[in-house]
Amino acid sequence: KAGVTQTPRYLIKTRGQQVTLSCSPISGHRSVSWYQQTPGQGLQFLFEYFSETQRNKGNFPGRFSGRQFSNSRSEMNVSTLELGDSALYLCASSDEEGGPYEQYFGPGTRLTVT
Amino acid sequence: AQTVTQSQPEMSVQEAETVTLSCTYDTSESDYYLFWYKQPPSRQMILVIRQEAYKQQNATENRFSVNFQKAAKSFSLKISDSQLGDAAMYFCAYRTQGAQKLVFGQGTRLTINP
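Details of the overall build of chain A
When you go through chain A residue by residue, the secondary structure sums to 0 helices and 11 strands. Listing the helices and strands of chain A from first to last along the sequence gives β-β-β-β-β-β-β-β-β-β-β. Each principal axis of the C-alpha distribution contributes one length, and for chain A these read about 45 × 25 × 25 Å. Here chain A holds 114 residues, and 50% of them are scored as buried. Restricting to contacts in chain A with at least 6 residues of sequence separation, those with at least 24 account for 54%. When the accessible surface of chain A is summed, it comes to about 5300 Å², and 46% of that surface belongs to carbon and sulfur atoms. Computing the positive centroid from 11 side-chain charges and the negative centroid from 9, chain A places the two 8 Å apart.

Comments concerning the interface of chain B and chain A
Contacts between the two partners involve 17 residues from chain B and, on the opposite side, 25 residues from chain A. Buried area between chain B and chain A, both sides added, is near 1700 Å², and the carbon and sulfur share of it is 52%. Between chain B and chain A we count 1 salt bridge in total. With its nearest N and O atoms 2.0 Å apart, the salt bridge here joins Arg50(B) to Glu102(A). The interface formed by chain B and chain A contains 8 residue pairs in polar contact (both at pLDDT 80 or more).

Observations concerning the state of the cysteines
Tallying each qualifying case throughout the model produces 2 disulfides over all chains. The side chain of Cys23(A) participates in a disulfide bridge whose partner is Cys91(A); the two sulfur atoms lie 1.7 Å from each other. Its S-S torsion of about -50 degrees marks the bond between Cys23(A) and Cys91(A) as left-handed, since a negative value means left-handed. Taken as a pair, Cys23(A) in strand β3 (residues 19–24) and Cys91(A) in strand β9 (residues 87–94) lie far apart in primary sequence, 68 residues in all. Take Cys23(A) and Cys91(A): they sit in the same class, and that class is buried. Disulfide pairing places Cys23(B) opposite Cys92(B) at an S-S distance of 2.0 Å. Across the S-S bond linking Cys23(B) and Cys92(B), the dihedral sits near -70 degrees, which makes this disulfide left-handed. Within this pair, whereas Cys23(B) is found in the loop between β3 (19–21) and β4 (24–26), its partner Cys92(B) is found in strand β10 (residues 88–96), the two being separated by 69 residues in sequence. Here Cys23(B) matches Cys92(B) in class, with each residue buried.

Points about the side chain of Gln36(A)
Residues and elements named next belong to chain A. Along the chain, Gln-36 falls in strand β4 (residues 31–38). Residue Gln-36 is classed as buried on the basis of its relative accessible area, which comes to 5%. Polar contacts involving the side chain of Gln-36 include one to the side chain of Tyr-89, which spans 3.0 Å.

Some words on the packing of aromatic side chains
In total, this model carries 15 aromatic pairs over all chains according to the counting rule given. Between Phe60(A) and Phe64(A), the ring centres sit 5.2 Å apart and the planes meet at 65 degrees, which makes this aromatic pair edge-to-face. Under the relative-accessibility criterion, Phe60(A) is labelled buried at 14%. An aromatic cluster is defined as three or more aromatic residues linked by ring pairs; in this entry it consists of Tyr35(A), Phe45(A), Phe105(A), Phe35(B), Tyr37(B), Phe91(B) and Phe104(B). The cationic tip of Arg55(A) hangs over the ring face of Phe50(A); the distance from NZ or CZ to the ring centre is 4.3 Å.

Let's talk about the pairing of strand β8 (residues 74–78) of chain A
Residues and elements named next belong to chain A. The buried fraction of β8 is high, at 5 of 5 residues. Residue alternation in β8 divides its side chains into two sets, Ser-74, Met-76 and Val-78 and Glu-75 and Asn-77, and both sets are buried. Taken together, the 5 bridges between strand β7 (residues 64–68) and β8 define a ladder with antiparallel strand orientation. If you follow Gly-66 over to β8, its bridge partner there is Met-76.

Topic: the pattern of salt bridges
Counted by the stated rule, this structure contains 9 salt bridges over all chains. A salt bridge links Glu48(A) to Arg55(A); its shortest N-O distance comes to 2.7 Å. When the shortest N-O distance is used, the salt bridge between Glu52(B) and Lys55(B) registers 3.8 Å. Lys55(B) sits in the partly exposed class, given a relative accessible area of 37%.

Each value, and the rule that gives it
- Counting of residues starts from 1 at the beginning of each chain's written sequence and follows it residue by residue.
- Each chain takes a letter, starting from A, and each ligand takes a number, starting from 1, following the order in which they are written.
- Whole-chain, interface and lining totals are the exception, using all residues; otherwise, since this is a predicted model, local features are given only for residues with pLDDT of at least 70 and side-chain atom pairs are given and counted only at 80 or more.
- The side-chain quantities take in all heavy atoms of the structure and omit both hydrogens and water.
- Going along the chain from the N terminus, every DSSP run of H or I of four or more residues is numbered as a helix, and every run of E of two or more is numbered as a strand.
- Each residue's exposure class comes from its accessible area (1.4 Å probe, protein chains only) as a fraction of the maximum for that residue type: buried when under 20%, exposed when over 50%, partly exposed otherwise.
- Whether two residues touch is decided by their heavy atoms; if any such pair falls within 4.5 Å, the residues are in contact.
- In these tables, accessible area is a Shrake-Rupley quantity obtained with a 1.4 Å probe, and a residue counts as shielded only by the protein chains included in the view.
- Charged residues are defined here as Lys and Arg on the positive side and Asp and Glu on the negative side; His and the ends of the chain fall outside this count.
- Each charge is placed at NZ for Lys, CZ for Arg, CG for Asp and CD for Glu.
- Here the quantity called buried area is the accessible surface, traced with a 1.4 Å probe, that two parts lose on coming together, added over both.
- Think of a salt bridge as a Lys or Arg side-chain nitrogen and an Asp or Glu carboxyl oxygen that are within 4 Å of each other.
- For this analysis, a polar contact is any N or O atom pair within 3.5 Å, provided that within protein one partner can donate a hydrogen and the other can accept it, and provided that sequence-adjacent residues contribute only side-chain to side-chain pairs.
- Pairs of cysteine sulfur atoms within 2.5 Å are identified as disulfides in what follows.
- When the centres of two rings from Phe, Tyr and Trp lie within 6.5 Å, Trp using its six-membered ring, the rings pair. Their planes under 30 degrees apart give stacked, over 60 give edge-to-face, and anything left gives tilted.
- For a Lys NZ or an Arg CZ to count as sitting over a ring, it must be within 6 Å of the ring centre and within 35 degrees of the ring normal.
- Any two strands between which DSSP finds at least two bridges are classified as paired.

Below, the structure is given as structure tokens:
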């Protein structure tokens, strides 16, 4: 099976703009989670979607939002970008079929806000 | 709220030697999962090993093994016969049973000296 894919891989935006990142999970996986990785804050959970419904949400402002489509692909959107939003955004998928539901990560989208 | 602490920001080891990475966590729950993830430079995060809290036996995956001390809330990773390809950031992560949210430690950067 193909792994988790994320597009675009790199993105440069200006403060105040908005951005949409995309994640395609492993085929058959219905759970998609998003994480923000920065040198200062480390890896922080943004939200998780399962069957088009948000099941969990981290402690991020409302500028961060997401959605999931019927084919399990997910997008996250950040509006009114701030310099502090510069980060590596990781997507992970899970199949939730028995076991500890391990998450498989994508390569990430590197967002730079100038 | 659950927290994960990795007290060693950096570690180095000679090739072929053994190294142990430390991780402690805080939780009031009895059922949960613990993971070690590896993130090589500019490469995708991959799962190294996982441990179910209800299992007393320590998990082992080839050269990687854990020392899980539930009462002490400690979960260390031992890498035997270190190889150059083991150089990476290693993250300890916690997950509540039934939820997809991973709580990560700050990571340990492991360097392998030839």
